[in-house]
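# Fold and geometry: a report
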Amino acid sequence: MYAIAEALTSNHVPCPSAHDRARNPHRSGIAWSKSAVRVILTNPRYTGRQVWNKQRTDEVLLDVDDVALGHTGVMRWNPRDKWVVSKDHPPTDHR
């Protein structure tokens, strides 16, 4: 990851934060980071896969002692074996 980040930076390929400064004003945008490379290489959307069912919304009572107050939705992660991964999905082009 480090070698890829170094090569991209030395070849003057804009890093993600340099490419879209409006979305990333808190970042310097001067170089690629290992973490940016890792995120791209492990993101199923970039590799031609789509993943569904990673999270679910559970309804949780606002107050267990006063059910009349109702409930709220709480996002929770599903176990990996419940995730649905596509066989083929067009890779996303984020240029």
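Scroll up to find the structure this text is about.
The following paragraphs examine the structure supplied in this document. (Residues numbered from 1 in each chain as written. Predicted model: local features only at pLDDT ≥ 70, side-chain atom pairs only at ≥ 80, totals over all residues. Heavy atoms only, no water.)

### Description of the overall build of the protein
Condition: Put simply, DSSP H or I for four residues or longer makes a helix, DSSP E for two residues or longer makes a strand, and each gets a number counted from the N terminus. Remark: exposure states derive from per-residue accessible area (1.4 Å probe, protein chains only) relative to the maximum for the residue type, with buried under 20%, exposed over 50%, and partly exposed in between. Note on definitions: a residue-residue contact is assigned when non-hydrogen atoms from the two residues lie within 4.5 Å. Each accessible area is a Shrake-Rupley estimate made with a 1.4 Å probe; only the visible protein chains count as cover when residues are assessed. Just so you know, the count uses Lys and Arg for positive and Asp and Glu for negative, and it drops His and the chain ends. To locate a charge, the coordinates of NZ of Lys, CZ of Arg, CG of Asp or CD of Glu are taken.
When helices and strands are counted, the protein shows three helices and four strands. In sequence order, the secondary structure elements of the protein are arranged as α-α-α-β-β-β-β. Seen through its principal axes, the protein has C-alpha atoms that stretch 60 × 35 × 20 Å. For the protein, the residues scored as buried account for 16% of the 95 residues in total. Here the analysis covers contacts within the protein between residues at least 6 apart in sequence; of these, 46% occur between residues at least 24 apart. Looking at the protein as shown, the accessible area adds up to about 7,600 Å², and 54% of this sits on carbon and sulfur atoms. In the protein, 14 side chains carry a positive charge and 10 a negative one; their mean positions are 12 Å apart.

### Points about a nonpolar patch on the surface
Note the following rule: Without a salt bridge and with relative accessible area above 30%, a residue can belong to a patch; like charges are then joined within 9 Å and nonpolar side chains (Val, Leu, Ile, Met, Phe, Trp, Tyr) within 5 Å. Counted as salt bridges are all cases of a side-chain nitrogen of Lys or Arg within 4 Å of a carboxyl oxygen of Asp or Glu.
A cluster of nonpolar side chains, contributed by Met1, Ile4 and Leu41, occupies part of the molecular surface with about 270 Å² of accessible area. By the secondary structure assignment, Ile4 is in helix H1 (residues 2-10).

### Some details on the packing of H1 against helix H3 (residues 34-42)
The criterion, for reference: Axes, fitted as lines to C-alpha atoms, cover a helix only where it is in contact. Angles between the N-to-C directions of the axes lie from 0 to 180 degrees. When describing relative orientation, an angle under 35 degrees is termed roughly parallel and one over 145 degrees roughly antiparallel, while 65 to 115 degrees is termed roughly perpendicular and anything else oblique. When residue character is reported, Ala, Val, Leu, Ile, Met, Phe, Trp, Tyr, Cys and Pro are called nonpolar, Asp, Glu, Lys and Arg charged, and the others, Gly included, polar.
Where H1 contacts H3, the axes come no closer than 8 Å and their chain directions differ by 105 degrees. Considering the angle they form, H1 stands roughly perpendicular to H3. Between H1 and H3, the residues in contact are Tyr2, Ile4, Ala5 and Leu8 and Lys34, Val37 and Leu41, respectively. Each residue belonging to the contact of H1 with H3 can be placed in one class, and the counts come to six nonpolar, no polar and one charged.

### Observations regarding unusual backbone geometry
Its identity as a non-glycine residue notwithstanding, His12 has a phi of 60 degrees, on the positive side. Structurally, His12 can be placed in the loop between H1 and helix H2 (16-19). Judged by its relative accessible area of 71%, His12 is exposed. For Asn53, which is not glycine, the phi dihedral falls at a positive 65 degrees. In this structure, Asn53 sits in the loop between strand E1 (51-52) and strand E2 (55-61).

### Considerations on the packing of aromatic side chains
Our working rule: Centre distance within 6.5 Å is the pairing criterion for rings of Phe, Tyr and Trp, where only the six-membered ring of Trp is used; planes under 30 degrees apart are then read as stacked, over 60 as edge-to-face, and the remainder as tilted. Two thresholds decide whether a charge sits over a ring: the Lys NZ or Arg CZ must be within 6 Å of the ring centre and within 35 degrees of the ring normal.
What the rule picks out here adds up to one aromatic pair. Where Trp77 meets Trp83, the ring centres are 6.4 Å apart and the plane angle is 40 degrees; that geometry is what we call tilted. Seen from the ring of Trp83, Lys54 lies directly overhead, with NZ or CZ sitting 5.0 Å from the centre.

### A look at the nonpolar core
Taken as a class, soluble globular proteins show a tendency for nonpolar side chains to be buried jointly. Inclusion rule: Throughout, nonpolar core names a set of buried Ala, Val, Leu, Ile, Met, Phe, Trp, Tyr and Cys residues whose side chains join them through atoms within 4.5 Å.
Counting residues in each nonpolar core, the largest one holds five residues, listed as Ala5, Cys15, Trp32, Ala36 and Val37. The contact partners of Ala5, leaving out residues within four places of it in the chain, are Trp32, Ser33, Lys34 and Val37.

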